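A structural walkthrough
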Amino acid sequence: MMSKITYIGKLLRDKEISCTELTEKYIKSIEAENKKLNAYVNITAETAMKTAKNVDEKISRGEILLPLEGIPMTLKDNISTKNIETTCCSNILKGYVPIYDATVWDILKNQNAVLLGKANMDEFAMGSSCETSCFGGALNPYSTNHVAGGSSGGAAAAVGGNIAVYGLGSDTGGSVRQPASFCGLVGLKPTYGTVSRYGLIAYASSLDQIGPITSSVEDAAIVYDAISLYDINDATSQGSKTKTTNTLKNSIKGMKIGIAKEYFEGIRDDVRESVESAVKVYESLGAEVVSISIPQLKHALPVYYILACAEASSNLGRYDGIRYGYRTPSYNDINDMICKTRSEGFGKEVKKRIMLGTYVLSAGYYDAYYKKAQQLRGALVNAFKDAFKKCDVIVSPTVPMTAFELNFTQKDPIETYMTDILTVPVNIAGLPAVSVPCGFDNKGLPIGMQIIGNSFDDAKILNAAYQYEQAVKNHTFKELETGVRL
């Protein structure tokens, strides 16, 4: 797969197209395609054109462009953007305009990244289909009868539909990797702490991590290298230890690929077969397959929902109608105002998770649920440490299925929650993981493979993903005939 970022950057530097012309093409394409995909909830054409003009002026002066300079992109709508509405796709934050930028956007803005708009998402990042958005769900560019995935579905739909070169999403339990899998893209969840969370509107602070959604592994590495800087504003920030683009072409001969049987239980046959075929590609490249077992994985999903909802109930307590966001128009006193504001402003899924989180933190149930979940979290962290003594990376399916049809979440909410079962362990342990396309089902919908690494082994998993991508690029991947054609 060709790096789209590198290709477009070369066009700009060689003056084969101006950044203004490029941006105009993308904006026109968004105006046409977004009606079908619902990827964007706010198109920032004026901001994009202003940045494009700055890039063109820099090129005319003969100055060297940075890798992401002039590249059109999108941000998930829970990433704070100064003077640009940021809603988390919730009625309770409609009209909220931040007074500061998230660190990731501050970094990219200083590199003249061209922001095309804010991308659709599940409300407060709570969901697996993007259908809990107050703006309606983003749709899958491979089939608009299917979801784009969640919660970063808008970013995935935009990149997959070729109306953004790359997008930044947030991954709390798989919300970058799952939509990337559903839309045939690369989705990277970095090691916790390598990318600053400052300015990311929190769902579950100990699990949230910002990551890129791109059309190739090299693009993911380029974006990751740009945003993985230490940030004094984030107490958990450590930054990246390695420049991943420098290690993409390293041989993986002798690399030990761990296959945990627990990751292959209860998944669809075509998904399992695609991932098993991908593992054979690794063997042909000289990697060694190692069978491992991580029994603690069976506890990951309940641990995730207990911890995530507990943190959400605390983080979302600030939305009370007093300081910012929606306020109910009719109330008797302050308690009535707060109660009505939250009841009217939050959607059904968010209220459900707040209630669950409040329950597990309550005095009578704290030890039985929250404390136990934290203990099991520690056990899972140790289990991964033991696993990585036997292998370099772990390969699994990203999701047990391909993209499900619209309204599936209403018909079977439990099955929808189960789509996170393969992705949440990584967030619980703070590990890096990347989803890479590895085939298609009989409906032509993409299947994703997940590559998991030990803490701060982001470069290692991206290299493994890149080597696979290069080995199969001639017969596994296909490009959609939508959006901008340069």
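The structure presented is a predicted model; accordingly, all values stated were derived computationally and were not measured.

**Examining the overall build of the chain**
- Helix and strand content of the chain: 16 helices and 13 strands.
- A compact globule built from 486 residues would reach a C-alpha radius of gyration of about 23 Å, and the chain, at 21 Å, matches this within 12%.
- Overall, the C-alpha framework of the chain stretches about 65 × 55 × 45 Å when taken along its three principal axes.
- Here the chain holds 486 residues, and the buried ones make up 61% of them.
- Of the contacts formed within the chain by residues at least 6 apart in sequence, a portion of 76% connects residues at least 24 apart.
- Counting only carbon and sulfur atoms, one obtains 50% of the accessible surface of the chain, whose full area is about 18600 Å².

**Concerning the state of the cysteines**
- Enumeration according to the criterion identifies zero disulfides in this entry.
- The thiol of Cys89 is not disulfide-bonded; the next cysteine sulfur, from Cys134, is found 5.7 Å away.
- Look at Cys89 and you get buried, because its relative accessible area is 0%.
- With no disulfide partner, Cys339 has as its closest neighbouring cysteine sulfur the one in Cys309, 20 Å distant.
- The exposure class of Cys339 is partly exposed, given its relative accessible area of 47%.

**Brief notes about unusual backbone geometry**
- With an omega dihedral of 5°, the bond running from Gly150 to Ser151 counts as a cis peptide bond.
- Despite not being glycine, Lys15 has its phi angle at roughly 60°, a positive value.
- With respect to the helices, strands and loops of the structure, Lys15 is situated in the loop between helix H1 (4-13) and helix H2 (19-37).

**Some remarks on the environment of Tyr96**
- In this structure, Tyr96 sits in the loop between strand S2 (72-76) and helix H4 (103-110).
- The sequence separation of Tyr96 and Gly153 amounts to 57 residues, and the corresponding C-alpha distance is 21 Å.
- Dropping the residues within four chain positions of it, Tyr96 is found in contact with Glu85, Thr86 and Tyr324.

**Comments concerning H4**
- All of the buried residues along H4 are Thr103, Val104, Trp105, Ile107 and Leu108.
- Where H4 is buried, its residues contact S2, strand S3 (114-119), strand S6 (166-170), strand S8 (210-214) and helix H7 (217-227).
- One or two positions beyond H4, positive phi appears at Asn112, with a value near 60°.

**Let's talk about the sheet that holds strand S7 (residues 186-189)**
- Read from one edge to the other, the open sheet built from eleven strands follows the order S1-S3-S2-S6-S8-S7-S12-S13-S11-S9-S10, with strand pairing classed as mixed. Sheet topology places strand S1 (40-43) and strand S10 (288-292) at the edges, where each strand pairs with a single neighbour. Each strand axis lies, on average, 30° off the axis of its neighbour in the sheet, ignoring direction.
- The pairing of S6 with S8 spans four bridges and is antiparallel.

**Description of the pairing of strand S5 (residues 143-147)**
- Alignment of strand S4 (residues 139-140) against S5, held across two bridges, turns out to be antiparallel. Across the sheet, the residue bridging to Leu139 is Val147, located in S5.
- Between the end of S4 and the start of S5, which pair antiparallel, lie two residues.

**What about the environment of Pro413?**
- Within the secondary structure layout, Pro413 lies in helix H14 (residues 413-418).
- Between the C-alpha atom of Pro413 and that of Gly127, which follows or precedes it by 286 residues, the distance is 10.0 Å.

**Describing the packing of aromatic side chains**
- For the structure on display, the rule yields 16 aromatic pairs.
- Between Tyr319 and Tyr324, the aromatic rings sit 6.1 Å apart at their centres with planes inclined by 70°, giving edge-to-face as the arrangement.
- When its relative accessible area of 4% is taken as the criterion, Tyr319 is described as buried.
- Under the relative-accessibility criterion, Tyr324 is labelled partly exposed at 32%.
- Among the aromatic side chains, those forming a connected cluster through ring pairs are Tyr96, Phe124, Tyr319, Tyr324 and Phe346.
- Sitting above the plane of the Phe456 ring, Lys241 keeps its charged end 4.3 Å from the centroid.

**Considerations on the nonpolar core**
- One finds Phe124, Tyr166, Tyr282, Ile294, Phe384, Ile394 and Ile451 to be the most contacted residues of the largest nonpolar core, which totals 147 residues.
- Here this core takes eleven residues from helix H9 (residues 300-315), the largest share from any one element.
- Beyond its immediate sequence surroundings of up to four residues, Phe384 is in contact with Tyr263, Ile294, Leu297, Ile394, Pro425, Ala429 and Leu431.
- Counting residues in each nonpolar core, the second largest holds six residues, with Val147, Val399, Met401 and Phe404 among its members.

The rules behind each value
- Residues numbered from 1 in each chain as written.
- Predicted model: local features only at pLDDT ≥ 70, side-chain atom pairs only at ≥ 80, totals over all residues.
- Heavy atoms only, no water.
- Helix = DSSP H or I, 4+ residues; strand = E, 2+ residues; numbered from the N terminus.
- Rg over C-alpha atoms; globule rule 2.2 N^0.38 Å.
- Buried < 20%, exposed > 50% of the residue type's maximum accessible area, 1.4 Å probe, protein only.
- Contact = heavy atoms within 4.5 Å.
- Areas by Shrake-Rupley, 256 points an atom, 1.4 Å probe, with all protein chains shown as cover.
- Disulfide = S-S within 2.5 Å.
- Pairing = 2+ DSSP bridges.
- Axes fitted to C-alpha atoms, helices over the stretch in contact; angles between N-to-C directions.
- Phe/Tyr/Trp six-rings, centres within 6.5 Å; stacked < 30°, edge-to-face > 60°.
- Lys NZ or Arg CZ within 6 Å of the ring centre and 35° of its normal.
- Core = buried A, V, L, I, M, F, W, Y, C linked by side-chain atoms within 4.5 Å.

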